[in-house]
Amino acid sequence: MKKNSAIFSKQVLKIVSHIPRGSTLSYKEVARRAGSPRAYRAVGNILNKNFDSRIPCHRVIHSGGEPGGYNRGRKAKRAILTKEGVVIKK
DNA sequence: CGTATGACGTGCA
DNA sequence: GTGCACGCCATAC
């Protein structure tokens, strides 16, 4: 059922775009909302390939609170989150 | 169709 | 606290 996987990626992008400013979601949570709580790997992959400015992918971080990565640069991600009002542990 | 890759998560040494 | 290895899923080749 590749259609099912297709919706998953779509859901991920949709959910990420639904994240309010100043809030952050972990890959695990996003995958959970997308319908596959074990697809956090795919979430990161999809966001990485999906270069869409409408999707605040910088609001998606690891489960431990680490900023993780960003297709535009981890440094930028940290700066953006800080600007949004999100405090990173590291 | 099978293999390889990747912005992860968790467990263990 | 740090580092390594395994497991999971979707996508690309």
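Peer 1: Can you lay out the protein's contact with DNA strand B for me, pointing to particular residues and giving the numbers?
Peer 2: Inspection of the region around DNA strand B gives 16 residues, with Tyr27, Lys28, Arg41, Asn45 and Asn48 positioned closest. At the protein interface, 47% of the atoms of DNA strand B within 4 Å belong to sugar or phosphate. At 3.0 Å, a backbone N or O of Gly69 approaches a base nitrogen of DNA strand B. Within the side chain of Asn71, an N or O atom sits 3.2 Å from a base nitrogen of DNA strand B. Of all the secondary-structure elements, those providing two or more residues to the surface near DNA strand B are α2 (27–34) and α3 (40–49). With seven residues, the top contributor of residues to the surface near DNA strand B is α3.

Peer 1: Tell me about the protein's contact with DNA strand C, residues and numbers included.
Peer 2: Around DNA strand C lies a shell formed by Ser5, Phe8, Ser9, Arg38, Ala39, Tyr40, Arg41, Ala42, Asn45 and Lys49. Here Arg41 contributes a side-chain N or O atom positioned 2.7 Å from a base oxygen of DNA strand C. Here a sugar or linking oxygen of DNA strand C and a side-chain polar atom of Lys49 are 3.0 Å apart. Among the elements that line the surface near DNA strand C, the one with the most residues is α3, at five residues. Its residues assigned to classes, the surface near DNA strand C shows four nonpolar, three polar and three charged.

Peer 1: Lay out the layout of surface pockets in plain terms, naming residues and giving numbers.
Peer 2: Regions of empty space are outlined by a rolling probe, equal in size to a water molecule, passed over the atoms. In this structure, the largest pocket occupies an estimated 300 Å³ of space. Lining the largest pocket are 14 residues, with Tyr27, Gly44, Val60, His62 and Gly69 positioned closest to its centre. Going through the elements one at a time, α2 and α3 are the ones with two or more residues in the lining of the largest pocket. Among the elements that take part in the lining of the largest pocket, α3 stands out by supplying four residues, more than any other.

Peer 1: How would you explain the pattern of salt bridges if you had to name every residue and give the values?
Peer 2: According to the stated counting rule, one finds three salt bridges in the structure shown. Residue Arg21 pairs with Glu84 through a salt bridge whose shortest N-O separation is 3.5 Å. Here Arg21 is found in the loop between α1 (2–18) and β1 (25–26), whereas its partner Glu84 is found in helix α4 (residues 74–84), with 63 residues between them in sequence. Residue class for Arg21 comes out exposed when judged on its relative accessible area of 56%. The class of Glu84 is buried, set by a relative accessible area of 17%. Between Arg54 and Asp52 there is a salt bridge, and its shortest N-O distance comes to 3.6 Å.

So, how was this worked out
Residues numbered from 1 in each chain as written. Chains lettered and ligands numbered in written order. Predicted model: local features only at pLDDT ≥ 70, side-chain atom pairs only at ≥ 80, totals over all residues. Heavy atoms only, no water. Near = heavy atom within 4 Å. Polar contact = N/O pair within 3.5 Å; in protein donor to acceptor, adjacent residues only side chain to side chain. Helix = DSSP H or I, 4+ residues; strand = E, 2+ residues; numbered from the N terminus. Nonpolar A, V, L, I, M, F, W, Y, C, P; charged D, E, K, R; others polar. 1 Å grid on protein atoms, 1.4 Å probe; cavity = no way out; pocket = protein on both sides within 12 Å on 5 of 7 lines; lining within 4 Å. Points joined across faces, edges and corners; volume = space filled by probe spheres on them. Salt bridge = Lys/Arg side-chain N within 4 Å of Asp/Glu carboxyl O. Buried < 20%, exposed > 50% of the residue type's maximum accessible area, 1.4 Å probe, protein only.

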